[in-house]
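# Descriptive structure summary
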Amino acid sequence: MGMSVRQPRIYLVEDSAILLNLLRELLQSVGAEVIGQSDSARIAIREIRRLRPDVIIVDIALQRGNGFDVLRALAEEKSCDRPVRVVLTNYSSPPYRSAAKRLGVEHFFDKSTDILEMLKTVVASIHAKAQPAENNAEGMIGTVERVEHVPNLSTGASATTAQARGPKSGRA
């Protein structure tokens, strides 16, 4: 039996209230804790440095600043102090992917097609970081099974699906 894993702490940098609610719900359903969120690059940088999350999920387009501002600031941190960096955006063309990779982003996903894949990757990376490999399998299998059975989210689910779940109050 593997050792228990502490609840992973995630910070969201996103300006769509609809997508924030969906991500919060999905992440909590797989045992993660959303410890903060911002639609402003400047505020996100300050809070990420203070809160020290395990993972950050960053959109490129924000209300104030952009996701690259956040990633650039975090790239300057010591590697042992940096959270796992995930980009989830509608701006998924090769130039954006290349820029994110240069800034040390570990994972890059398109909002319109990759939300479930992003969730699975976040869960796997949290478990890989939290436990030695020999103790990792049991906890990760259970969590991935929960991801596979998240209601109202199929493999091709998109931000549009999220928009159907509530009133429009931000951009995705």
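Structure: see above.
Now for a look at the structure at hand. (Residues numbered from 1 in each chain as written. Predicted model: local features only at pLDDT ≥ 70, side-chain atom pairs only at ≥ 80, totals over all residues. Heavy atoms only, no water.)

## Topic: the environment of Leu 71
- Mapping Leu 71 onto the fold places it in helix H3 (residues 67–75).
- Among the residues examined, Leu 71 registers a relative accessible area of 0% and is labelled buried.
- Residues Leu 71 and Ile 56, spaced 15 residues apart in sequence, show a C-alpha to C-alpha distance of 9.7 Å.
- Each residue touching Leu 71, except ones within four places of it in the same chain, is listed here: Ile 56, Val 58, Arg 85, Val 87, Leu 103 and Val 105. (Helix = DSSP H or I, 4+ residues; strand = E, 2+ residues; numbered from the N terminus. Buried < 20%, exposed > 50% of the residue type's maximum accessible area, 1.4 Å probe, protein only. Contact = heavy atoms within 4.5 Å.)

## Topic: empty space enclosed by the protein
- On inspection of all chains with the given rule, the structure shows one cavity of 30 Å³ or more.
- Estimates place the volume of the largest cavity at around 40 Å³.
- Around the largest cavity, the lining residues are Ile 48, Arg 49, Arg 52, Pro 53, Leu 74, Glu 77, Asp 81, Arg 82 and Pro 83.
- For the lining of the largest cavity, the residue count by class is four nonpolar, no polar and five charged. (1 Å grid on protein atoms, 1.4 Å probe; cavity = no way out; pocket = protein on both sides within 12 Å on 5 of 7 lines; lining within 4 Å. Points joined across faces, edges and corners; volume = space filled by probe spheres on them. Nonpolar A, V, L, I, M, F, W, Y, C, P; charged D, E, K, R; others polar.)

## Digging into the pairing of strand S2 (residues 33–38)
- In terms of strand pairing, strand S1 (residues 9–13) meets S2 through five bridges, oriented parallel. Bridged to Ile 10 within S2 is Val 34.
- Read from S1 through helix H1 (residues 17–29) to S2, the crossover connection turns out right-handed. (Pairing = 2+ DSSP bridges. Right-handed = clockwise from strand over helix to strand, strands pointing away.)

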